[in-house]
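# Secondary and tertiary structure notes
One-letter residues, chain by chain:
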Amino acid sequence: MFVVGVVLAGCSGGPQGPFPDRPADIDVSTVDLCTALTAEERAELGVEAGEAKTAELNNGPTRICGWSNFDDGYNYGVQTIADGAMVAVGIPGSTVQVVDGYGVVVETTQETVAPRCALYVDVAETQALRVQVRAIKNDDAGRIPSIETVCGRAESVVSSALRNLGGAGS
């Protein structure tokens, strides 16, 4: 099972560390994370309605919504993290990028076995969204999906989450 998380950062709309100014702040403290993907987007990914969960992290509670496609072997998740995305800056091997105007920290792990791509999205000063995608099955040709493919799916989920949770264009 995979967990996708979201970290919120910067309520001022101003830049946080290496991130650009946010197009809009998104308060993810109370939104229904399972609305990060529309019914049409879920159909494209081959997943059913998301499963909402809560958990406890070192820095406090987190909310998670996850979706799995056992046919193609991809797990998707969106998670709140009660710190800004700055907490992910400097994770070994991570990079800072921009998706739909929002700064993100991209972290990859297990690139040659069950590749996972996590994007920590700077959505508010003290909050972040962490979107995570993991490939848990080889493709039809028996190959492990590339980390580029997995991160491409993660970036697509980030775009959907930003739009559907109220950030893009607001």
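In this text the structure is predicted, and so the values were computed from the model without any measurement.

### Side note on the pattern of salt bridges
Applying the stated rule across the entire model yields six salt bridges. When the shortest N-O distance is used, the salt bridge between R22 and D25 registers 3.0 Å. Looking at R22, the relative accessible area reads 6%, which means it is buried. For D25, a relative accessible area of 27% gives the class partly exposed. Residue E41 pairs with R163 through a salt bridge whose shortest N-O separation is 2.4 Å. Highlighted residues: E41 in helix α1 (residues 39-45) and R163 in helix α2 (residues 147-164), separated in sequence by 122 residues. For E41, a relative accessible area of 13% translates into the label buried. Through salt bridges with shared partners, one network takes in R22, D25 and D122.

### Quick look at the nonpolar core
In terms of nonpolar packing, the biggest core is built from 36 residues, with W67, Y76, V78, L119, V121, V123 and L129 touching the most fellow members. With eight residues, α2 is the largest single contributor of residues to this core. In terms of nonpolar packing, the next biggest core, distinct from the first, is built from eight residues, I81, A85, A88 and A118 among them.

### Comments concerning the packing of aromatic side chains
On inspection of all chains with the given rule, the structure shows one aromatic pair. Between the NZ or CZ atom of R153 and the centre of the ring of Y74, over which it lies, the distance is 3.6 Å.

Here is what the cut-offs are and how they apply
- Per chain, residues are indexed from 1 in the order of the written sequence.
- Restriction of local features to residues with pLDDT of at least 70 applies here, the model being predicted, together with a cutoff of 80 or more for giving and counting side-chain atom pairs; totals for whole chains, interfaces and linings are based on all residues.
- Each side-chain value is worked out from all heavy atoms of the structure, with water and hydrogens disregarded.
- Put simply, a salt bridge is a Lys or Arg side-chain nitrogen that is within 4 Å of an Asp or Glu carboxyl oxygen.
- Under the scheme applied here, a residue whose accessible area is under 20% of the maximum for its type counts as buried, over 50% as exposed, and between as partly exposed, the area being computed with a 1.4 Å probe on protein chains only.
- Secondary structure elements follow DSSP: runs of H or I of four or more residues count as helices, runs of E of two or more count as strands, with numbering from the N terminus.
- Residues belong to a common nonpolar core when they are buried Ala, Val, Leu, Ile, Met, Phe, Trp, Tyr or Cys residues joined through side-chain atoms within 4.5 Å.
- Note on aromatic contacts: the rings of Phe and Tyr and the six-membered ring of Trp form a pair at centre separations within 6.5 Å, being stacked when their planes are under 30 degrees apart, edge-to-face when over 60 apart, and tilted otherwise.
- Whether a charge sits over a ring depends on NZ of Lys or CZ of Arg being within 6 Å of the ring centre and within 35 degrees of the ring normal.

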